[in-house]
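Breakdown of the fold
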Amino acid sequence: MSTPISIMWFRQDLRLRDNPALREACNNGDVIPVYIYDNCNAESFTPGAASKWWLHHSLHSLNKSLDGKLHIASGNPIDVLQKIIQQTGATQVVWNRCYEPWQIHRDKAVKQQLQEDGVQVNSFNGSLLWEPWTIMNQSGSPYKVFTPFYRKGCLKAPSPRSVEAAPKQANFIYQNKLDQGIDSLELLPEISWYKQMQQQWQPGEEGAGVSLSEFLNEPINDYKQARDVPSLNGTSHLSPHLHFGEISPNQIWYATLHKFNGSMEDPHMDCFLSEIGWREFSYYLLYHFPTLPSENYNAKFNQYQWRGRNNDLQAWQQGQTGVPIVDAGMRELWQTGYMHNRVRMIVGSYLVKNLRTHWHHGESWFWDCLLDADLAANSASWQWIAGSGADASPFFRIFNPVTQGEKFDSEGEYVRHYCPELKHLPNKYIHKPWDAPKEVLATAGIRLGDEYPHPLVDLKESRQQALDAYEAVKNA
Ligand code: FAD
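Calculation rules
All chains use their own residue numbering, which begins from 1 and follows the written sequence. For a predicted model such as this one, the threshold for reporting local features is a pLDDT of at least 70, and the threshold for listing and counting side-chain atom pairs is 80 or more; totals across whole chains, interfaces and linings nevertheless cover every residue. Excluding hydrogens and water, the side-chain values take into account all heavy atoms of the structure. When a carboxyl oxygen of Asp or Glu is within 4 Å of a side-chain nitrogen of Lys or Arg, the pair counts as a salt bridge. Segments assigned H or I by DSSP are reported as helices when at least four residues long, segments assigned E as strands when at least two residues long, and all are numbered from the N terminus. Burial classes follow relative accessibility: with a 1.4 Å probe on protein chains only, a residue under 20% of its type's maximum area counts as buried, one over 50% as exposed, and anything between as partly exposed. To form a nonpolar core, buried Ala, Val, Leu, Ile, Met, Phe, Trp, Tyr and Cys residues must be joined to one another through side-chain atoms within 4.5 Å. Every residue pair with non-hydrogen atoms within 4.5 Å of one another is taken to be in contact. Neighbouring residues are identified by heavy atoms, a residue being near a molecule or strand if any of them is within 4 Å of it. Two N or O atoms form a polar contact when they lie within 3.5 Å of each other; inside protein one atom must be a possible hydrogen donor and the other a possible acceptor, and for residues adjacent in sequence the pair counts only when both atoms belong to side chains. Note on areas: Shrake-Rupley, 1.4 Å probe, and residue coverage restricted to the protein chains presented here. Bear in mind that the domain bounds are from an automatic or database domain assignment. For every element, the axis is a line fit to its C-alpha atoms; helices are fit only across the contacting stretch, and the angle between N-to-C directions ranges from 0 to 180 degrees. By convention the crossing between two helices is left-handed if the near helix lies anticlockwise of the far one by an angle smaller than a right angle, and right-handed if it lies clockwise. Positive charges come from Lys and Arg alone, negative charges from Asp and Glu alone, with His and the N- and C-terminal ends not counted. In these notes the angle categories are as follows: under 35 degrees is roughly parallel, over 145 is roughly antiparallel, 65 to 115 is roughly perpendicular, and the rest is oblique. Gly is put with the polar residues, along with every residue not named as nonpolar or charged; the nonpolar set is Ala, Val, Leu, Ile, Met, Phe, Trp, Tyr, Cys and Pro, and the charged set is Asp, Glu, Lys and Arg. Two rings from Phe, Tyr or Trp (for Trp, the six-membered ring) form a pair when their centres are within 6.5 Å of each other. A pair whose planes differ by under 30 degrees is stacked, one over 60 is edge-to-face, and the rest are tilted. Put simply, a charge is over a ring when the Lys NZ or the Arg CZ is close to the ring centre, within 6 Å, and near the line of the ring normal, within 35 degrees. Two strands pair if DSSP finds at least two bridges between them.

1. Describing the pattern of salt bridges
Inspection of every chain in the model, using the stated rule, returns 18 salt bridges. Close ionic contact of R106 with D38 constitutes a salt bridge, the shortest N to O distance being 2.7 Å. Remark: D38 occurs in the loop between β2 (30-37) and α2 (49-65) and R106 occurs in helix α4 (residues 101-116); sequence separation between them is 68 residues. Neither residue differs from the other here; R106 and D38 are each classed as buried. For the salt bridge of E275 with R227, the shortest nitrogen-to-oxygen distance reads 3.0 Å. One end of the pair, E275, is in helix α11 (residues 267-288); the other, R227, is in the loop between α8 (223-226) and α9 (239-243), and 48 residues separate them in sequence. Since its relative accessible area comes to 16%, R227 is described here as buried. Taken together, the salt bridges that share partners define one network made up of R11, D38, R106 and D107.

Structure (structure tokens):
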């Protein structure tokens, strides 16, 4: 009797370790590993430019781990899978579940069609600690607030699945005619704006492991404080690795617990794991409220009067708003494909509240520029910052970028790094150059409106205008 063949359909799980679908495929006989670039069903959710760069390298890394046996295809997954089944006689297709609404819709249809074709389909949880339908409040409805979701729901639920090693006995089979090759996907942009990213990031399973062990070695010991300081290397930088599934949240969860001998007491560890919990919460919200990326969760914001001037949006995107910490953040994003979380909140609040520009614009710019662009985290975070989301930051909490800068970048190191034209300004004015006396500006070699822009809006006035606009919809 011939050995049964399974197709392992890789998606956002580009790793060999702790991969439940891959384990199932390997236990069942021979395995055809496949990645399908779905340019049919994703519509506006196809990866942005930075994500494509990451994906290109991540696929190369996975292919290397599979001894060059990864099959690459593009198109509609059902067509690709049916073709492979026809040509190889595969009897089973396995995958780890994805949770974006369009993926859920597609996967249901793929599963139904394959089953009708007589092919066995098995799906697994390889991306979340707790799947969204397993955590409900006492009345059986989804949680809408993070703390009870995480502390009462997740932490009181059965522990996350334990971590599995990479399959020991795997027989991967390869057919040249079924492989289009990674380069055929044309994921790399023509202009090589990604040079700096290349120096800072190592996409792939190995790079994910390095990021985790470096983080657990040192930065976690001061995470609770250092995570808010953008000039420090105080966070894990695991977000793109997690998005592409080069590491599972389970691996991070258990490695962190192991570091602290299984105790949940340490405040830095608790804080870090709760950020992983925020990731879970974002997926949870997206699953239960699938319009999260496009519609205000809180419908009263549908009436909000946006100002939305094109010039404001462009200046924000280019890091030319005249507010140093905002500009530094937007330039960090452009140059590195990443932005520090504290600064994401500051630039988000400034766009939505001071510039009164719809959060959709911020969401889509981030989608294109972030290496960790993730539909769940991005849409939940933008709605959080806009005040329109579930458990959102209250609308009146408008971040003042000057005081935020003075608190979290007190020596101006971060601003000086990304806005070098301001580097000679004394600390007193580094976050508010418009307040600096003429002689101070002259000594620092700056003419406002020339080397560095005047502020687009007055922070106090624009804050008041945002609050007035909110007052008009508050009781809607
Ligand atoms: P760490 O501090 O080391 O945290 C560990 C992990 O926890 C992260 O890798 C991430 O997976 C998760 N996490 C941390 N904070 C959050 C959060 N607030 N929400 C959800 N998950 C979180 N994160 C994305 O992964 N993709 C996005 O597209 C994204 N867009 C954002 C947009 C805005 C406006 C804001 C304010 C935040 C956004 N975030 C997004 C959340 C957060 O900024 C990043 O996850 C974090 O900065 C990544 O850096 P890190 O891996 O070093 O984080």
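There's plenty left to go through after this.
2. Considerations on the nonpolar core
General note: in soluble globular proteins, nonpolar side chains tend to be found buried as a group. Among the nonpolar cores identified, the biggest contains 85 residues, and F149, F272, W316, V326 and F366 are the most heavily contacted of them. Once residues within four sequence positions are removed from consideration, F149 is found in contact with I135, Y143, C154, G277, E280, F281 and Y284. Residues A21, L22, A25 and M197 belong to the second largest nonpolar core, which totals 32 residues.

3. A word on the site of the ligand
Around the ligand, a shell composed of 26 residues is seen, among which Y223, T235, S236, H237 and N341 lie nearest. Measuring from an oxygen atom of the ligand, one finds a side-chain N or O atom of R344 at 3.3 Å. Protein burial of the ligand: of its 820 Å² of free accessible surface, 95% is covered by the chains. Elements with a minimum of two residues in the shell around the ligand: α9, α11, α14 (341-354) and α16 (375-386). Here the shell around the ligand takes six residues from α11, the largest share from any one element. Summarising the domain contributions, the shell around the ligand has at least three residues from each of domain 2 (128-161 + 206-288) and domain 3 (299-471).

4. Overview of the side chain of S211
Within the secondary structure, S211 is located in helix α7 (residues 205-217). In this structure S211 touches S236, H237, L238 and H241, once residues within four positions along its chain are discounted.

5. Side note on the packing of helix α15 (residues 359-369) against α16
In contact at an axis separation of 10 Å, α15 and α16 are set at 150 degrees when each is read in the N-to-C sense. The element α15 and its partner α16 pack so that their crossing is right-handed. Along its contact with α15, which presents W359, G362, E363, F366 and W367, the element α16 presents L375, N378, S379, W382, Q383 and A386.

6. A short note on the side chain of E100
Mapped onto the fold, E100 is located in the loop between β4 (92-96) and α4. Of the side chains with opposite charge, R106 lies nearest to the buried E100, which makes no salt bridge, at 8.3 Å. Apart from residues no more than four positions distant in its own chain, E100 is found in contact with Q12, L286 and L375.

7. Structural notes on the domain arrangement of the protein chain
Parsing the protein chain into structural domains produces domain 1 (1-126), domain 2 (128-161 + 206-288) and domain 3 (299-471). Spacing between the C-alpha centres of domain 1 and domain 3 amounts to 40 Å. Contacts between the two partners involve twelve residues from domain 1, matched on the other side by seven residues from domain 3. Connecting domain 1 to domain 3 are zero salt bridges. At the boundary of domain 1 with domain 3, the tally comes to three residue pairs in polar contact (both at pLDDT 80 or more). Looking at the side of domain 1 that touches domain 3, the element that brings in the most residues is α2, giving five residues.

8. Re the packing of helix α3 (residues 77-88) against α4
For the pair α3 and α4, interaxial distance at closest approach is 10 Å and the crossing angle is 30 degrees. Classified by the angle between their axes, α3 and α4 sit roughly parallel to one another. Between α3 and α4 the crossing geometry is right-handed. Touching P77, I78, L81, Q82 and I85 of α3 are R106, V110, Q113 and L114, all from α4. For the contact of α3 with α4, a count of residues per class yields six nonpolar, two polar and one charged.

9. A look at the packing of aromatic side chains
Enumeration over the complete set of coordinates arrives at 33 aromatic pairs. On the numbers, 5.8 Å between centres and 75 degrees between planes, the contact of W278 with F281 is edge-to-face. In this pair, W278 and F281 both sit in helix α11, three residues apart, roughly one turn of the helix. A relative accessible area of 28% places W278 in the partly exposed class. Centroid distance F366 to W382: 5.0 Å. Interplanar angle 75 degrees. Geometry classified as edge-to-face. Note that F366 is positioned in helix α15 and W382 in helix α16, a separation of 16 residues in sequence. The pair F366 / W382 is uniform in exposure class, with both members buried. K353 extends its terminal NZ or CZ atom over the ring of F395, reaching a point 4.7 Å from the ring centre.

10. Topic: the environment of N63
Along the chain, N63 turns up in helix α2. Relative accessible area serves as the criterion here: at 19%, N63 is assigned to the buried category. Dropping the residues within four chain positions of it, N63 is found in contact with G68, K69, L70 and I182.

11. A closer look at the pairing of β4
The side chains of a regular strand alternate, residue by residue, between the two faces of the sheet. Of all five residues making up β4, five are buried, and the element is well covered by its neighbours. What you see with β4 is no split at all: Q92, V94 and N96 on one side and V93 and W95 on the other are buried throughout. Across three bridges, strand β1 (residues 5-10) lies against β4 in parallel orientation. Pairing of S6 across the sheet is with Q92, part of β4.

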